Amino acid sequence: MKKILVVLLAAIVGISAVNAQPTKKQLKAVKSEVAAWTAEGWKVAPGNAPMAEQIIMQKEYAKKVNNEGEPLYVFGESTAVGQTFKAAQLSVMRGVKMNALEQLDTEITAIIQNDLANKQQNLDKAVSVDKVLNRTKEVISNRLPRGIKVVTVYRELKTKNVEVRAMYAYNYDKVNEMIAAAASEALEKEIDEMVKGN
């Protein structure tokens, strides 16, 4: 417990140099979250920030907004199990990206429907929005950069496997730019396949 408090204070001192001083209520919430994660068996892998610092970082990024009051970041979070930490970590990254994109389904669908409305009149058959949506997500997940690592923790399971939990922050505007390009590309491929199928 003493070690957790020392790590918590070190994290807060490091973060507070950049941000405003956390309140007692915020410190208590972070301490409580660290205790809960630790009780569940989560640990910090070597080379990663202390757990308290990761939790504080996640909360700080979640608060950041642009001039219109919209979030600056979209978060992707996932867990994965592997025989080793490295195997689970590689596996978790795909889940992180797909989770971030699932939160943007509405925006992706709107872009697809707009593009589709402009092209649909020249087609004999209707294009499946769901197929284009899935294809768009696939294209974006392959191109999406790693993002900002916010949380990476792991725990050893009774099966001797390792479970990794990760959360990354992605710049909302950059992801939206990628969505527009990927949606257009996915729609073109879907239309080409339909035309070839006729």
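Before any of the text, the structure's been laid out above.
Within each chain, residues carry numbers counting from 1 in the order of the written sequence. Given that the model is predicted, a residue must reach a pLDDT of at least 70 before its local features are reported, and side-chain atom pairs must reach 80 or more before they are shown or counted; all residues, however, enter totals for whole chains, interfaces and linings. Side-chain figures throughout are based on the complete set of non-hydrogen atoms in the structure, without hydrogens or water.

**A short note on the packing of helix α4 (residues 85–102) against helix α6 (residues 129–143)**
Okay, so step 1: Throughout, an axis means a line fitted to C-alpha atoms (over the contacting stretch in the case of helices), and angles, computed between N-to-C directions, take values from 0 to 180 degrees. In this text, helices come from DSSP runs of H or I with a minimum length of four residues, and strands from runs of E with a minimum of two, each type numbered from the N-terminal end. Where α4 meets α6, the closest approach of the two axes is 10 Å, and the angle between their N-to-C directions is 130 degrees. Considered as vectors, α4 and α6 are oriented oblique to each other. The handedness of the crossing between α4 and α6 is right-handed. Counting all contacts with α4, which are made through Arg94, Lys97, Met98, Leu101 and Glu102, the residues of α6 involved are Lys137, Glu138, Ile140 and Ser141.
Okay, so step 2: Gly counts as polar in this scheme, as do all residues outside two lists: the nonpolar Ala, Val, Leu, Ile, Met, Phe, Trp, Tyr, Cys and Pro, and the charged Asp, Glu, Lys and Arg. Grouping the constituent residues of the contact of α4 with α6 by class yields three nonpolar, one polar and five charged. Each angle receives one of four descriptions, namely roughly parallel if under 35 degrees, roughly antiparallel if over 145, roughly perpendicular if within 65 to 115, and oblique otherwise. Handedness of a helix crossing follows the sense of rotation of the near helix relative to the far helix, less than a right angle counterclockwise being left-handed and clockwise being right-handed. In this description, contact between two residues means that some pair of their heavy atoms is separated by no more than 4.5 Å.

**Notes on the pattern of salt bridges**
Pairs can form between side chains of opposite charge whenever their charged atoms are close.
Okay, so step 1: Whenever a carboxyl oxygen of Asp or Glu lies within 4 Å of a side-chain nitrogen of Lys or Arg, that contact is scored as a salt bridge. For the structure shown, the criterion picks out nine salt bridges.
Okay, so step 2: With a shortest N-O distance of 3.5 Å, Glu156 and Lys43 are connected by a salt bridge. One end of the pair, Glu156, is in strand β3 (residues 148–156); the other, Lys43, is in strand β1 (residues 43–44), with 113 residues separating them in the sequence.
Okay, so step 3: Judged by relative accessible area, Glu156 falls into the exposed class, the value being 52%.
Okay, so step 4: Where Arg165 meets Glu77, a salt bridge forms, and the shortest distance between an N and an O atom there is 3.4 Å. The classification of residues rests on relative accessible area computed with a 1.4 Å probe and restricted to protein chains. Under 20% of the type maximum is buried, over 50% is exposed, and intermediate values are partly exposed.

**Observations concerning the packing of aromatic side chains**
Okay, so step 1: Whether two aromatic rings pair depends on their centres lying within 6.5 Å, for rings of Phe, Tyr and Trp, where Trp uses its six-membered ring; planes under 30 degrees apart make the pair stacked, over 60 edge-to-face, and the rest tilted. Inspection of the entire model under this criterion finds two aromatic pairs.
Okay, so step 2: Consider the rings of Tyr61 and Tyr73, whose centres lie 5.0 Å apart with planes at 85 degrees: the pair is edge-to-face. Here Tyr61, found in helix α3 (residues 51–63), pairs with Tyr73, found in strand β2 (residues 73–82); they are 12 residues apart in sequence, far enough to count as distant. For the pair shown, Tyr61 and Tyr73 are each scored as buried.
Okay, so step 3: Here Phe85 and Tyr154 contribute two aromatic rings whose centre-to-centre distance is 5.5 Å and whose plane-to-plane angle is 75 degrees, an arrangement assigned as edge-to-face.

**So, the nonpolar core**
Okay, so step 1: Among the nonpolar cores identified, the biggest contains 32 residues, and Leu104, Tyr170 and Val175 are the most heavily contacted of them.
Okay, so step 2: Looking at this core, the elements with two or more residues in it are β2, α4, α5 (105–119), α6, β4 (162–171) and α7 (172–197).
Okay, so step 3: With eight residues, the single largest contributor to this core is α7.
Okay, so step 4: Look past the residues within four positions of Leu104 in its chain and what remains in contact with it is Val74, Tyr172, Val175 and Ile179.
Okay, so step 5: Core analysis: the next-biggest nonpolar cluster, separate from the first, contains 16 residues, Val34, Trp42, Ala52 and Tyr73 among them. Here, nonpolar core refers to any group of buried Ala, Val, Leu, Ile, Met, Phe, Trp, Tyr and Cys residues whose side-chain atoms link them within 4.5 Å.

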